[in-house]
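For reference, the chains in residue letters:
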Amino acid sequence: HHRLLAIDPGFNFGVAIVELNFDDDICTVLHTHTFDIFKVAVGVHHRIFEIHGERVAKLMAIETIVSRLMHAWKVSGIVSEAPYLGRFPSSFQSLTECLMAIRNGIFRYSDEMPLIQYDPTTVKYSVGAPKSKDKGTVKDAIAKLDWVRFTDPNTLNTADEHSIDACAVGLTHYIKL
């Protein structure tokens with residue numbers, strides 16, 4: 001088995017724990033969640049929030065989440081969607097900072113585990129989603145993959161777009177292996 005923490009980075013921080021069974025080439029999504037990073041920052045890092053401000057507290061929250069998830073799920077790899085420099089340079093900056101916070105979280109778990117990144121277009125195409133701005137296309141594409149299972153059969157109905165995108169990132173890694 002190969003267990004991954006897959007991430008859709010941002011301040012709506014989508015995560016998925018995805019596991020590949022090499023015996024039957026079945027990929028199982030064990031867990032999905034989207035963290036509201038503002039709430040985590042205020043709740044867990046309220047002192048940093050007061051002293052250093054919202055942005056620093058949010059980045060500390062991402063670092064904490066990554067570290068805790070990696071320890072709790074005993075992952076053997078971590079993948080993330082890469083920042084995309086499109087029409088919004090400030091979004092690219094935020095996502096680049098998020099990736100550094102993710103790396104800091106990884107270092108708390110292992111200083112020998114690389115952060116693998118896939119650009120958004122590669123992720124969409126890997127799971128078979130058509131080129132579209134509609135967020136539902138990724139979910140619909142994943143639903144058609146016969147080698148993907150979910151421990152919670154309602155995942156595709158209940159998970160938000162950030163968790164679904166994190167699933168797609170994890171599945172992309174398995175496709176690329």
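These lines cover the structure that appears in this document, whether it is placed above or below. (Residues numbered from 1 in each chain as written. Predicted model: local features only at pLDDT ≥ 70, side-chain atom pairs only at ≥ 80, totals over all residues. Heavy atoms only, no water.)

**So, the sheet that holds strand β6 (residues 148–150)**
Note the following rule: When DSSP finds two or more bridges between two strands, those strands count as paired. Only DSSP runs of H or I reaching four residues or more are called helices, and only runs of E reaching two or more are called strands; each is numbered from the N terminus. Here an angle of 0 to 180 degrees is reported between the N-to-C directions of two axes, which are lines fitted to C-alpha atoms, with helices fitted over the stretch in contact.
Strand order in the open sheet made by the six strands is β5-β4-β1-β2-β3-β6, with mixed pairing throughout. Looking along the sheet, the strands with just one partner apiece sit at the ends: β5 (115–118) and β6. Geometrically, the sheet is characterised by an average inter-axis angle of 30 degrees between neighbouring strands, direction not taken into account. Here four bridges tie strand β4 (residues 77–81) to β5, and the two strands are oriented parallel to one another. Paired with I78 across the strands is L115, a residue of β5.

**Topic: the packing of helix α1 (residues 37–44) against helix α3 (residues 54–73)**
Formally: Under this scheme an angle from 65 to 115 degrees is roughly perpendicular, one under 35 degrees roughly parallel, and one over 145 degrees roughly antiparallel; angles in between are oblique. Here a residue-residue contact requires only that any non-hydrogen atoms of the pair lie within 4.5 Å. Each residue gets one label: Ala, Val, Leu, Ile, Met, Phe, Trp, Tyr, Cys and Pro are nonpolar, Asp, Glu, Lys and Arg are charged, and the others, such as Gly, are polar.
Between α1 and α3, the shortest axis-to-axis distance is 8 Å and the interhelical angle comes to 95 degrees. One element, α1, and the other, α3, form an angle in the roughly perpendicular class. Residues I37, F38, V40 and A41 of α1 pack against E54, A57, K58, A61, I62 and I65 of α3. Among the residues making up the contact of α1 with α3, the classes are represented as eight nonpolar, no polar and two charged.

**Here we look at the pairing of strand β3 (residues 26–36)**
Every other side chain in a regular strand lies on the same face of the sheet, so the side chains alternate between the two faces. For strand β2 (residues 12–21) and β3, the ladder comprises ten bridges, and the chain directions are antiparallel. Looking at β3, one finds that F13 is bridged to F35. The hairpin formed by β2 and β3 contains four residues between the paired strands, and D25 there has a positive phi angle of roughly 55 degrees. Where β3 meets β6, three bridges bridge the pair, whose relative direction is parallel. Considered in β6, the bridge of V29 is made with F150.

**Some points on the pattern of salt bridges**
Just so we agree on the cut-off: A carboxyl oxygen of Asp or Glu within 4 Å of a side-chain nitrogen of Lys or Arg is what we treat as a salt bridge. When a residue's accessible area, from a 1.4 Å probe over protein chains only, is under 20% of the maximum for its type it is buried; when over 50% it is exposed; and in between it is partly exposed.
Taken as a whole and assessed by the stated rule, the structure comprises five salt bridges. In this structure, R47 and E50 form a salt bridge, with 2.9 Å as the shortest nitrogen-oxygen distance. You can see R47 and its partner E50 sitting in helix α2 (residues 46–52), three residues apart, about one turn around the helix. On the basis of relative accessible area, R47 is assigned to the exposed category, the value being 52%. On the accessibility criterion, E50 (56% relative accessible area) is exposed. With its nearest N and O atoms 2.8 Å apart, the salt bridge here joins E54 to K58. Of this pair, E54 and K58 are both found in helix α3, four residues apart, which corresponds to roughly one turn of the helix.

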